[in-house]
Amino acid sequence: MSYEPPTPPAELPTEIVDTLNGYSPDQLQHVARYAEELAEHKAREARLEEESEDDEIDDRPDDLPDEVPSKATITIKEINDNRYYYWQWREGDKVTSKYKGPVNPDE
């Protein structure tokens, strides 16, 4: 072990280095444990968020337009004896619809 103090990482702000230099060995051990646990927690949260975003993208139907949310469902509306598919979803208290196409009578 060297008798020289360690060189702080360049990415660490000077204010943090100065603060840490004023801490006792016990306080530094607590900071080190906390920093390690916090880093693991943030990495886990980032992974979960990334997985959640990947799942959302994977769950989108191929024919779902970009402006339609993945929670939308398909409904059939009859207009003048013709049947049409619409994407439909809720935005707060309002139900929003977007035209998808005519219903194929052979289906």
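Residues numbered from 1 in each chain as written. Predicted model: local features only at pLDDT ≥ 70, side-chain atom pairs only at ≥ 80, totals over all residues. Heavy atoms only, no water.

The name an unreviewed UniProt entry gives the chain is DUF6788 domain-containing protein, with Halosimplex rubrum as the organism.

*Asks:* Explanation requested: the pairing of strand E1 (residues 73-79) in the structure shown.
*Replies:* Where a strand is regular, its side chains alternate between the two sheet faces. Sheet topology note: the E1/strand E2 (residues 82-91) ladder contains seven bridges and is antiparallel. Bridge pairing in E2 links Ile 76 to Tyr 85. With antiparallel pairing between neighbouring strands as the criterion, E1 and E2 make up a hairpin whose turn holds two residues, including Asn 80 at a positive phi of roughly 50°. (Pairing = 2+ DSSP bridges. Helix = DSSP H or I, 4+ residues; strand = E, 2+ residues; numbered from the N terminus.)

*Asks:* Honestly, the sheet that holds E2 in this entry has me stumped. Any pointers?
*Replies:* Sheet strands line up and pair through hydrogen bonds in the backbone, either parallel or antiparallel. What the three strands build is an open sheet, ordered E1-E2-E3; its pairing is antiparallel. Looking along the sheet, the strands with just one partner apiece sit at the ends: E1 and strand E3 (94-102). Shown here is a sheet whose adjacent strand axes are inclined to one another by a mean of 40°, direction ignored. (Axes fitted to C-alpha atoms, helices over the stretch in contact; angles between N-to-C directions.)

*Asks:* What am I meant to see in the packing of aromatic side chains here?
*Replies:* The relation between two aromatic rings is expressed through the spacing of the ring centres and the mutual angle of the planes. Summed over the entire model, instances satisfying the criterion amount to two aromatic pairs. Seen in terms of ring centroids, Tyr 84 and Tyr 99 are 6.1 Å apart; in terms of plane orientation they differ by 55°. Their pairing is tilted. Of the two residues, Tyr 84 sits in strand E2 while Tyr 99 sits in strand E3, which places them 15 residues apart along the sequence. On the basis of relative accessibility, which here comes to 21%, the residue Tyr 84 falls in the partly exposed class. For Tyr 99, a relative accessible area of 43% corresponds to the partly exposed category. Among the aromatic residues, ring-to-ring pairing joins Tyr 84, Tyr 86 and Tyr 99 into one connected group. (Phe/Tyr/Trp six-rings, centres within 6.5 Å; stacked < 30°, edge-to-face > 60°. Buried < 20%, exposed > 50% of the residue type's maximum accessible area, 1.4 Å probe, protein only.)

*Asks:* Could you clarify how one ought to interpret the pattern of salt bridges in this entry?
*Replies:* Side chains bearing opposite charge may pair, as long as their charged atoms lie close to each other. By the definition in use, this model includes one salt bridge. Residues Glu 67 and Lys 98 are paired through a salt bridge, measuring 3.1 Å at the closest nitrogen-oxygen approach. Taken as a pair, Glu 67 in the loop between helix H2 (25-59) and E1 and Lys 98 in strand E3 lie far apart in primary sequence, 31 residues in all. Using a relative accessible area of 51% as the deciding quantity, one classes Glu 67 as exposed. (Salt bridge = Lys/Arg side-chain N within 4 Å of Asp/Glu carboxyl O.)

*Asks:* Just to check I follow, could you spell out unusual backbone geometry for this structure?
*Replies:* Among all residues save glycine, negative phi is the norm, and among peptide bonds the norm is trans. In this model, Asn 80 sits at a positive phi of 50°, which is unusual for a non-glycine residue. Among the secondary structure elements, Asn 80 is positioned in the loop between E1 and E2. For Asp 81, which is not a glycine, the phi torsion comes out positive at approximately 65°. You can see Asp 81 is positioned in the loop between E1 and E2. Residue classification places Asp 81 among the exposed residues on the basis of a relative accessible area of 70%.

*Asks:* Where do I start with the confidence of the model for the chain in this structure?
*Replies:* Detailed reading of the predicted coordinates is not advisable wherever pLDDT is low. Scored by pLDDT, the chain has a mean of 85; 87% of the residues are at 70 or more. Here H2 is the element of the chain with the lowest mean pLDDT, 80, and helix H1 (residues 14-21) is the one with the highest, 95. (pLDDT = per-residue confidence, 0-100.)

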